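# Summary of structural features
Each chain is listed here by its residues.
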Amino acid sequence: MPDATRVLLSCAVGFEDLVRGDLMEQYAVRSRQVGPGQVSAEQLPPVLNTMIDTVALPWDGNPADLRALVTPLVPDVLGFRVQAGDPVLREELVKTVVAATGWVNRPGDWQVNLDPERELVEIGPLAWAARFGRMRRLPATTPPAVAAGLVRLAKLKPGMTLLDPCGGVATIPIVDAIERPDGHAWSIDSDNAAVTDATANVADRDLTDRIDVRRGDATALELPDLSVDRVISDLPFGKKVGSNQENRVLYPAILREVERVLSVDGRVVLLTDDKRFFEQAVQRARGLKVVTQRVVRYNNVTPTAYVLRRSRKPRR
Ligand SMILES: C[S@@+](CC[C@H](N)C(=O)[O-])C[C@H]1O[C@@H](n2cnc3c(N)ncnc32)[C@H](O)[C@@H]1O
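Quantities reported herein were computed from a predicted structural model and do not represent experimental measurements.

### Observations regarding the pairing of strand β7 (residues 120–123)
On β7, burial covers both faces: Leu-120 and Glu-122 on one face and Val-121 and Ile-123 on the other are all buried. Relative to β7, strand β4 (residues 54–58) runs antiparallel, the two being bridged by three bridges. Within β7, the residue paired with Pro-58 across the bridge is Leu-120. In this structure, the hairpin formed by strand β6 (residues 112–115) and β7 is closed by a connection of four residues, where Glu-119 is found at a positive phi of approximately 55°.

Printed below as a string of structure tokens:
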């Protein structure tokens, strides 16, 4: 029999230690990293935080074990699918699973995804979108589990104010609102489509009191000096959005505004794949310094999340 007590939790590559730290600190659940973006936990924690993307169970490939393995997490399996590259293997496994479990093969609407190659069973109702709801997305939208890692790095406390000056569809402020009981956030973006989707995403979750979505320019923010406790943003990398050439101008201008609006003890988390320009811009900005950084990987990009603080007292 497979070890039914362990669960496999996935997150963005680069945030495994944060997921593991939270499991131990909040729920005394021991875990270990078993691969990039893969954490094996000794049991399912009572709450799955927003950094956890998918939940799976180790499975030895034996269809006879499936019902006992899955039923504690999904009492009534309405549909399953088999994720296997080899179509012959897939068809054979579908037949044996139907015979062993009575489940229905529904590749387009499944609760259980059998992955014989990775030897696991993914539990659909515990995936991010099933737990927190689907969001409207644009091509450059930050994956929610990545946004969650950035939010975690920012160390937001109740009552603090958050700004995402390149907020897109408001993923970062929404993830923050899911995790944090109270606070206020601004999601600002210069793109009309992003603002429309952000407004809908925020309204769908009844978060209009908490998140103020505005069309605006990250380089000329309509916010007072020293008014924001935390700034978190997934900046344009110059690939899907903007260009490396534009970033030469954009990054220094954004950093100037971030420094202006940031509170004295403020903390900033900025994600970018255009690392050279970003690091040059920080050095030139002088008023902010990088205190820590980590490389993240998702969707074939490996950006760095930079955590910044003030390097000097703000000028009045
Ligand atoms: C990587 S995307 C951010 C994705 C966002 N976190 C989300 O989940 O949708 C970068 C965003 O920066 C916006 N942007 C580019 N230049 C800007 C500027 N000067 N002011 C405000 N937003 C800007 C783009 O419209 C884009 O939505």
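### Considerations on the site of the ligand
Near the ligand lie 20 residues; those nearest to it are Thr-142, Val-169, Thr-171, Asp-189 and Ala-218. At a separation of 3.3 Å, a nitrogen atom of the ligand approaches a polar backbone atom of Ser-190. At a separation of 2.8 Å, a nitrogen atom of the ligand approaches a polar backbone atom of Ala-218. In the shell around the ligand, the residues fall into nine nonpolar, seven polar and four charged.

### Remarks on the domain arrangement of the protein
You can read the domains of the protein as domain 1 (7–130) and domain 2 (144–310). The straight-line distance from the C-alpha centre of domain 1 to that of domain 2 is 32 Å. In this complex, domain 1 contributes 13 residues to the contact, which on the side of domain 2 involves 15 residues. With both chains or domains summed, domain 1 and domain 2 bury close to 1,300 Å², and 63% of this area falls on carbon and sulfur atoms. For domain 1, the biggest contributors to the area lost against domain 2 are Phe-15, Thr-50 and Trp-128; these three give 43% of the whole. For the pair domain 1 and domain 2, the interface holds two salt bridges. Between Asp-22 and Arg-152 there is a salt bridge whose closest N-O contact spans 2.7 Å. Remark: the boundary between domain 1 and domain 2 carries five residue pairs in polar contact (both at pLDDT 80 or more). Looking at the side of domain 1 that touches domain 2 element by element, the count peaks at three residues for helix α1 (residues 16–27). For the side of domain 1 that touches domain 2, the residue count by class is seven nonpolar, three polar and three charged.

### Observations regarding empty space enclosed by the protein
This model, assessed by the stated rule, comprises one cavity of 30 Å³ or more. As a volume, the largest cavity reaches approximately 30 Å³. Its residues placed into classes, the lining of the largest cavity shows five nonpolar, two polar and one charged.

What counts, and where the lines are drawn
Residues numbered from 1 in each chain as written. Predicted model: local features only at pLDDT ≥ 70, side-chain atom pairs only at ≥ 80, totals over all residues. Heavy atoms only, no water. Buried < 20%, exposed > 50% of the residue type's maximum accessible area, 1.4 Å probe, protein only. Helix = DSSP H or I, 4+ residues; strand = E, 2+ residues; numbered from the N terminus. Pairing = 2+ DSSP bridges. Near = heavy atom within 4 Å. Polar contact = N/O pair within 3.5 Å; in protein donor to acceptor, adjacent residues only side chain to side chain. Nonpolar A, V, L, I, M, F, W, Y, C, P; charged D, E, K, R; others polar. Domains from an automatic or database assignment. Contact = heavy atoms within 4.5 Å. Buried area = accessible area lost by both parts, 1.4 Å probe. Salt bridge = Lys/Arg side-chain N within 4 Å of Asp/Glu carboxyl O. 1 Å grid on protein atoms, 1.4 Å probe; cavity = no way out; pocket = protein on both sides within 12 Å on 5 of 7 lines; lining within 4 Å. Points joined across faces, edges and corners; volume = space filled by probe spheres on them.

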